[in-house]
Amino acid sequence: MKISWKNILLWSLPIIVITVFIWQGFLTSTNNDINNNIANSRMTYGRFLEYLDMGWVKRVDIYDNGHTAIVEAIGPELGNRIQKIRVELPANAPELITKLRNQNIDLDAHPNKNTSAVWSLIGNLFFPLLLVSGLALLFRRSGSSNGGPGQAMAFGKSKALFQMEVKTGIVFEDVAGIDEAKEEFQEVVTFLKQPESFTAVGAKIPKGVLLIGPPGTGKTLLAKAIAGEANVPFFSISGSEFVEMFVGVGASRVRDLFKKAKENAPCIVFIDEIDAVGRQRGTGIGGGNDEREQTLNQLLTEMDGFEGNTGIIVIAATNRADILDSALLRPGRFDRQVSVNVPDFKGRLAILQVHAKNKKIDKNISLSIIARRTPGFSGADLANLLNESAILAARKRKETITLQEIDASIDRVVAGMEGTPLVDSKSKRLIAYHEIGHAIIGTLLKEHEPVQKVTLIPRGQARGLTWFTPSDDQTLISRAQILSRIIGALGGRAAEEVVFGDAEVTTGASNDLQQVTSMARQMVTKFGMSDIGPLCLENETANPFLGRNMSTNMEYSDEIATKIDNQVKQIIEKCHLEAVKIIKENRVIIDYLVDLLIEKETIDGKEFKDIIKGYTNIPVKNGFSPTS
Ligand code: ADP
Ligand code: MG
Ligand code: ZN
């Protein structure tokens, strides 16, 4: 929420009104300024005369047409401090004035000003005035173009929730690892800078470009960079902001946005999360949403409305291109699509280089090590990683960011917050066997990724973790690799069984089993890696309301379904037997490693490998996917 003066005024309005009420009430009860002369104690007239005789009275102020006096007196009975005492005077007391004069006491009579009349007049005028101006303010505010909370009054005219940045201050150099997307936009930048060169030959530049990619891959950043490179203003709004309580608001907001954009052309209009408004229309699930459809229609109308070369380029971003209304993708609208993906190794390295520029990173750390350890990280994750590391380093009062902080931050991003280690107990022992089970199989199987470390320090949901260093190329995975992953994932449970017996196995393996089942099923139905043969049996369909992977089209008979289940079962059973076998064969070294792990809490990959090398003659490879 932005704080503006109007906001402050609006919120303080009730306070002002209440204050005036109280204030007014206070004034009317105040006949005159007698109350200003605070006199808490009172005394009788007789006692006042006694005080006078004692010589204790120093000053008398007469109020209320001579009916009341405030007496300032000092004496031993009064604690030798000047006290103000209120005295009701009799209607006729001529001797008093003489007495006071004789004793040379300060005397002052205060005329009855009757200020109350004046004040109540002002109050009576002031309050309605305030009310009227307050209401006027309220209405003016709701009509204005300022965002803010409590917009229920704003339905008539839309307050545009779009932001405008005259200069984004971001250039292409700040965006790394998505070079193809940058290249696509190079042309857009040229157009914004020198439209003549295009119009001269009769070329039309696309009005709309759709950026498709998972969250955090730099879509917003890229759109800003285009505006920054071309040096044009950047208007942005998020699709979710269109979808409002009141029908018609979204549409009028779209109108407002394009009106402003036209006034400021050439410029970039950026619509984030366009899927919030741009979903396929008329799909019955969940009921129609008139508001959304109206907003979408307005958007389409606006985009059709401006001719190709007005200098407005609409960039929309989404991570759900599959659910977009086809009308949005028609020529003349978002007919160009640029996808940005989670960066690969090279991309990650480039992004790390951008974000490492303003950070002090230890000279011994090569960014490529970090890039290698962070597959699946988006640009935002990487930026966050370096920032977290910097915070950690600062907390430890280090001069530079070391590998230690980076390791801790990666682990935290991947597996969640670190918990406190368990005390040595049977369940700690069981967890240790479970993790060593994963780790030893990961180390002994040739096709498996190498172990990076094993730890009993809990993180997130996991009570122990085995980390593997991912291979460089994750795109093509062989059958043997998948099988070794299944065996490795079953290694935890297998160790529990072998060491503690069937009755003692725990729920700790549930996540492993989920992964195992999914891998085995995909082998059968997607990758054609089973006895059923090279068939694709599962077709992922895009359901605009359930998400991409929520529903699968089953294009096979019941007979095949049974076969699939059988094949999945066979694969898992075989792998399980293999896992149990490896555990049994290496029981001695496993027992040793468990003791070591309980003692040290963490064993890193190299040490792990060296210990195993000493016990077996199976060749061991060098050693991110953590397995819990
Ligand atoms: P998206 O809009 O795709 O969800 P953002 O553009 O908002 O992602 O990215 C969030 C932040 O992550 C950016 O401000 C930037 O710091 C960082 N980031 C993401 N992608 C990149 C990239 N390709 N190059 C450099 N920084 C990136
Ligand atoms: Mg974004
Ligand atoms: Zn496990």
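For the structure itself, consult the block above.
The structure reproduced in this document is the subject of the present report. Note that the structure is predicted; figures quoted are calculated from it, not measured.

**With respect to the pattern of salt bridges**
A complete count under the given rule lists 25 salt bridges for this structure. Across the salt bridge formed by Asp411 and Arg373, the nearest N and O atoms sit 3.6 Å from each other. Of this pair, Asp411 sits in helix α15 (residues 403–415) while Arg373 sits in the loop between α13 (367–372) and α14 (379–395); the two residues are 38 residues apart in sequence, bridging distant segments of the chain. This pair shows no difference in class: Asp411 is buried, exactly as Arg373 is. Residues Lys606 and Asp610 are paired through a salt bridge, measuring 3.1 Å at the closest nitrogen-oxygen approach. Within this pair, Lys606 and its partner Asp610 are both found in helix α21 (residues 605–615), separated by four residues, close to a single helical turn. Lys606 sits in the exposed class, given a relative accessible area of 52%. Since its relative accessible area comes to 35%, Asp610 is described here as partly exposed. Members of the salt-bridge network, linked through shared partners, are Arg373, Asp407, Asp411 and Lys453.

**Regarding the pairing of strand β13 (residues 465–468)**
Successive side chains on a regular strand alternate, one facing one side of the sheet and the next facing the other. Of the two faces of β13, the one carrying Leu465 and Trp467 and the one carrying Thr466 and Phe468 are both buried. As paired strands, strand β12 (residues 451–455) and β13 are joined by four bridges and run antiparallel to one another. Within β13, the residue paired with Val454 across the bridge is Thr466.

**Some words on the sheet that holds strand β2 (residues 57–63)**
Strand order in the open sheet formed by five strands is β1-β4-β3-β2-β5, and the pairing between neighbours is mixed. The sheet is open, and its two borders are formed by β1 (41–43) and β5 (106–109), each paired with just one other strand. Pairs of neighbouring strands in the sheet enclose a mean axial angle of 25°, with direction left out of account. Relative to strand β4 (residues 83–88), β1 is paired through three bridges, and the arrangement is parallel. By the bridge assignment, Ser41 is partnered in β4 with Ile85.

**Structural notes on a negative patch on the surface**
On the surface, a cluster of negative charge is contributed by Asp179, Glu180, Glu183, Glu184 and Asp344. Relative to the helices and strands, Asp179 is located in helix α5 (residues 179–193). The exposure class assigned to Asp179 is partly exposed, which follows from its relative accessible area of 46%.

**Some thoughts on the sheet that holds β13**
Ordered in space as β13-β12-β16, the three strands form an open sheet in which the pairing is antiparallel. Both outer strands of the open sheet, β13 and β16 (602–604), are each paired with one neighbouring strand and no more. Put simply, the sheet's adjacent strands are angled 10° from each other on average, direction ignored. Where β12 and β16 come together, three bridges link them in antiparallel fashion. Counterpart to Lys453 in the pairing with β16 is Asp604. Along the sheet, helix α20 (residues 587–600) contacts β12 and β16; its crossing angle with β16, the most-contacted strand, is approximately 115°. Contacting β12 and β16, α21 runs over the sheet at an angle of about 80° to β16.

**A few points about helix α11 (residues 290–305)**
End to end, α11 covers 22 Å across 16 residues, agreeing with the expected 22 Å (1.5 Å per residue, within 8%). Listing the buried residues of α11 in full gives Glu291, Arg292, Thr295, Leu296, Gln298, Leu299, Leu300, Glu302 and Met303.

The rules we used
- Residue indices follow the written sequence of each chain, beginning from 1 at its first position.
- Each chain gets a letter, beginning with A, and each ligand a number, beginning with 1, in the order they are written.
- Two thresholds apply to this predicted model, a pLDDT of at least 70 for residue-level local features and 80 or more for giving and counting side-chain atom pairs, whereas whole-chain, interface and lining totals are computed over all residues.
- With hydrogens and water excluded, all non-hydrogen atoms of the structure serve as input to the side-chain values.
- Definition used for salt bridges: Asp or Glu carboxyl oxygen within 4 Å of a side-chain nitrogen of Lys or Arg.
- Starting at the N terminus, helices and strands are each numbered in turn, a helix being any DSSP run of H or I of at least four residues and a strand any DSSP run of E of at least two.
- The classification of residues rests on relative accessible area computed with a 1.4 Å probe and restricted to protein chains. Under 20% of the type maximum is buried, over 50% is exposed, and intermediate values are partly exposed.
- In short, DSSP must find at least two bridges between two strands for them to pair.
- The angle between two axes is taken between their N-to-C directions and runs from 0 to 180 degrees, where each axis is a line fitted to C-alpha atoms and a helix contributes only its stretch in contact.
- Patch construction takes residues with relative accessible area above 30% that form no salt bridge. Like charges are linked within 9 Å, and nonpolar side chains (Val, Leu, Ile, Met, Phe, Trp, Tyr) are linked within 5 Å.
- Where accessible areas are quoted, they stem from the Shrake-Rupley method and a 1.4 Å probe; at the residue level, only the protein chains shown are allowed to cover.
- Here Asp and Glu are counted as negative and Lys and Arg as positive; His is not counted, and neither are the chain ends.
- A charge is said to be at NZ when it belongs to Lys, at CZ for Arg, at CG for Asp and at CD for Glu.
- Contact between two residues is taken to exist if any of their heavy atoms lie within 4.5 Å; hydrogens are not considered.
- By this rule, a helix spans an expected 1.5 Å times one less than how many residues it contains.

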